[in-house]
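Reading the structure
Residues per chain, in single letters:
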Amino acid sequence: MATTPSANNRKLLGRLSLPERNFVAEALRTETVGGVLLLVAAVAALVWANTPLRDSYASVSHFHLGPSALGLNLSVQHWAADGLLAVFFFVAGIELKRELVAGDLRDPKAAILPVVAAVCGMAVPALVYALTNAIGGGSLGGWAVPTATDIAFALAVLAVIGTSLPSALRAFLLTLAVVDDLFAILIIAIFFTDHIDFGALGGAVVGLGVFWVLLRKGVRGWYVYVPLALVIWGLMYNSGVHATISGVAMGLMLRCHPHEGEEHSPGEHIEHLVRPLSAGLAVPLFALFSAGVVVSGGAIGDVFTRPETLGVVLGLVVGKAVGIFGGTWLAARFTRASLSEDLVWPDVFAVASLAGIGFTVSLLIGELAFKDDPVLTDEVKAAVLIGSLIAAVLATTLLKVRNAKYRALYEAEELDEDSDGIPDIYEQNNPAYHLRMAEIYERKAAEHRRLAEVAAGASEENDGPA
């Protein structure tokens, strides 16, 4: 994200506005916890699928349940991918709507940086994959697999390595992921829809219309919207369009700017309620039933020799870093904006490397791209895991080099000496803040004078005659 101090001297990755900083902080706290759960779920899936219990993993993953009459007798793995991820994309839709109407993306000048960076961060990995497979004679069907960034997993890595990125870099990463999710949704809708049942699709569109009308009429109550959302999801699934699209559509319909007298908009309120469900339950369960691939020495070797899997690894590790960094540099070059004085370009490259962690959506696209070849599907999943691991190690190394600087910036952003709930760095132009601080310093000075007098008195007693 970027702030705009002046028309002639725009700063890239400058300090966020206070409302945006508060929103980002709350969102990232939830995503970080969810990311740790996601990491635990992925490890559990790998352990479960590579121990003597592997047969039970397959049995549970492929166990079918649901009403056949409605076309919804799906496997557990299928429910996780099509059902639970609809919740994830619902939250993504709300995030995108909020950014467009109330966040930094509402300002075209501020939106240029994350949009260009995200587009380049998806185009370059796709190009790397395509070139690798064109040279190696592989399938081009998986070109979209390395294009997605998993923000929750990236934040989990930050939490594990103990790096405190300044809010501008964290916000940049979050906004990248939002734009990234938007294009991932479009990719899924356009390139991975084999057939369309126009009757079911029409029913889903009608359902979305009813959803929109109810929202505009101010109708409230989960007991109205949850059943309607389930009907829309079921119709969208049966239409042949990926069911997660319904989640995005409903998220985009929510109002994300507060009216007079409202502290929070309905979209922000619902996102606050649903985000923990998405980050803490839906996405980890999807990971549990999607990341369980059999890993062996031979399988790992195949990842680096088969063009499809090598393309995924190179796309995530090389394509993402080069694409996002290059897109950010281009945005700065052609808008004549300068990087914030607190940061240097290697910081941008480190965050770009971190964006190479592509887990949730990459796994989903991998399943869609190679659904007719189960063996290749598992190999591509292994490639996503390995590529994400390499990207995480690379980003960790780069971020650790500057960790002391990041921690100092983070602590300065969080410092609140007058304990009014607003970081001091945002109150430098507020006279009331300086008056409060003057009183605080006067009290501290008085206390120090008292302690000095006590110490002087004790010293005189010690120096007196025995």
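Criteria and cut-off values
- Residues numbered from 1 in each chain as written.
- Predicted model: local features only at pLDDT ≥ 70, side-chain atom pairs only at ≥ 80, totals over all residues.
- Heavy atoms only, no water.
- UniProt positions renumbered as here; feature names shortened; annotations may be inferred.
- Phe/Tyr/Trp six-rings, centres within 6.5 Å; stacked < 30°, edge-to-face > 60°.
- Helix = DSSP H or I, 4+ residues; strand = E, 2+ residues; numbered from the N terminus.
- Lys NZ or Arg CZ within 6 Å of the ring centre and 35° of its normal.
- Contact = heavy atoms within 4.5 Å.
- Polar contact = N/O pair within 3.5 Å; in protein donor to acceptor, adjacent residues only side chain to side chain.
- Axes fitted to C-alpha atoms, helices over the stretch in contact; angles between N-to-C directions.
- Left-handed = near helix turned anticlockwise from the far one by under 90°.
- Buried < 20%, exposed > 50% of the residue type's maximum accessible area, 1.4 Å probe, protein only.
- Parallel < 35°, antiparallel > 145°, perpendicular 65-115°, else oblique.
- Nonpolar A, V, L, I, M, F, W, Y, C, P; charged D, E, K, R; others polar.
- Salt bridge = Lys/Arg side-chain N within 4 Å of Asp/Glu carboxyl O.
- Core = buried A, V, L, I, M, F, W, Y, C linked by side-chain atoms within 4.5 Å.
- Expected span 1.5 Å × (residues − 1).
- Patch = residues over 30% accessible without salt bridge, like charges linked within 9 Å, V, L, I, M, F, W, Y side chains within 5 Å.
- Areas by Shrake-Rupley, 256 points an atom, 1.4 Å probe, with all protein chains shown as cover.

In the nomenclature of an unreviewed UniProt entry, the chain corresponds to Na(+)/H(+) antiporter NhaA from the organism Streptomyces mirabilis. Under the UniProt heading Sequence similarities (unreviewed entry), the note attached to the chain is "Belongs to the NhaA Na(+)/H(+) (TC 2.A.33) antiporter family." Among the UniProt annotations of the chain, the heading Catalytic activity (unreviewed entry) holds the following wording: "Na(+)(in) + 2 H(+)(out) = Na(+)(out) + 2 H(+)(in)".

On to the packing of aromatic side chains, then. Across all of its chains, the model carries ten aromatic pairs by this definition. Look at Trp233 and Tyr237: their rings are 5.9 Å apart centre to centre, the planes differ by 20 degrees, and that puts the pair in the stacked class. Within this pair, Trp233 and its partner Tyr237 are both found in helix H8 (residues 222-239), separated by four residues, close to a single helical turn. On the basis of an interplanar angle of 80 degrees and a centroid distance of 5.9 Å, the ring pair of Phe325 and Trp345 is categorised as edge-to-face. Here Phe325, found in helix H12 (residues 307-335), pairs with Trp345, found in helix H13 (residues 345-354); they are 20 residues apart in sequence, far enough to count as distant. Connected via pairs of aromatic rings, a cluster forms that spans Trp79, Trp233 and Tyr237. Just above the ring of Phe334 sits the side chain of Arg333; from NZ or CZ to the centre is 5.9 Å.

Mapping Asp347 onto the fold places it in helix H13. Placed 55 residues apart in sequence, Asp347 and Arg402 show a C-alpha to C-alpha distance of 7.9 Å. In contact with Asp347, other than residues within four places in its own chain, are Leu169, Arg402 and Tyr406. Of note is the side chain of Asp347, whose polar atom sits 2.9 Å from the backbone nitrogen of Val344.

Helices that pack against each other are described as a pair by the angle of their axes relative to one another and the distance between those axes. Interaxial distance between helix H3 (residues 76-101) and helix H10 (residues 266-290) falls to 8 Å at its minimum, and their mutual angle equals 150 degrees. Of the two elements, H3 crosses H10, and the hand of that crossing is left-handed.

Moving on, we get to helix H14 (residues 360-369). The buried fraction of H14 amounts to nine of the ten residues, a majority that puts the element mostly inside the structure. Within the sequence span of H14, burial applies to Thr360, Val361, Ser362, Leu363, Leu364, Ile365, Gly366, Glu367 and Leu368.

Now for the packing of H12 against H13. Contact geometry of H12 with H13 gives a least axis separation of 7 Å together with a crossing angle of 140 degrees. Comparing the axis directions of H12 and H13 gives the class oblique. Note that H12 runs across H13; the crossing there is right-handed. Where H12 approaches H13, its residues Lys320, Ala321, Ile324, Phe325, Thr328, Trp329 and Ala332 are matched on the opposing element by Trp345, Val348, Phe349, Ala352 and Ser353. In the contact of H12 with H13, the residues fall into nine nonpolar, two polar and one charged.

Moving on, we come to the side chain of Glu367. With respect to the helices and strands, Glu367 occurs in helix H14. Look at Glu367 and you get buried, because its relative accessible area is 15%. Only 3.2 Å separates the side chain of Glu367 from the side chain of Ser290, close enough to count as a polar contact. The residues touching Glu367, leaving out its near neighbours within four places in the chain, are Gln77, Ala81, Ser290, Thr377 and Lys381.

One pass over the structure, following the stated rule, counts eleven salt bridges. Notably, a salt bridge pairs Arg436 with Glu427, separated by 3.2 Å at the nearest N-O pair. Take Glu427: its relative accessible area is 5%, and that puts it in the buried class. Shared partners join several salt bridges into a network, and the residues in it are Glu95, Glu271 and Arg275.

One finds Leu13, Phe89, Leu354 and Phe359 to be the most contacted residues of the largest nonpolar core, which totals 114 residues. Take this core: its biggest share by element is 13 residues, from helix H6 (residues 167-191). Setting aside residues up to four positions removed in sequence, Phe359 forms contacts with Leu38, Ala42, Asp150, Phe153, Ala287, Ala291, Val384, Leu385 and Ser388. Membership of the second largest hydrophobic core comes to six residues, among which are Leu74, Trp233, Tyr237 and Ala243.

Let's shift gears to helix H4 (residues 108-136). Taking 1.5 Å of rise per residue, 29 residues should cover 42 Å, and H4 covers 41 Å from first to last C-alpha, within 8% of that figure. Two residues or fewer after H4 comes Gly137, characterised by a positive phi angle close to 75 degrees.

Together, Trp222, Tyr223, Val226 and Leu230 make up a nonpolar patch on the protein surface, roughly 510 Å² of accessible area in all. One can find Leu230 in helix H8. Look at Leu230 and you get exposed, because its relative accessible area is 55%.

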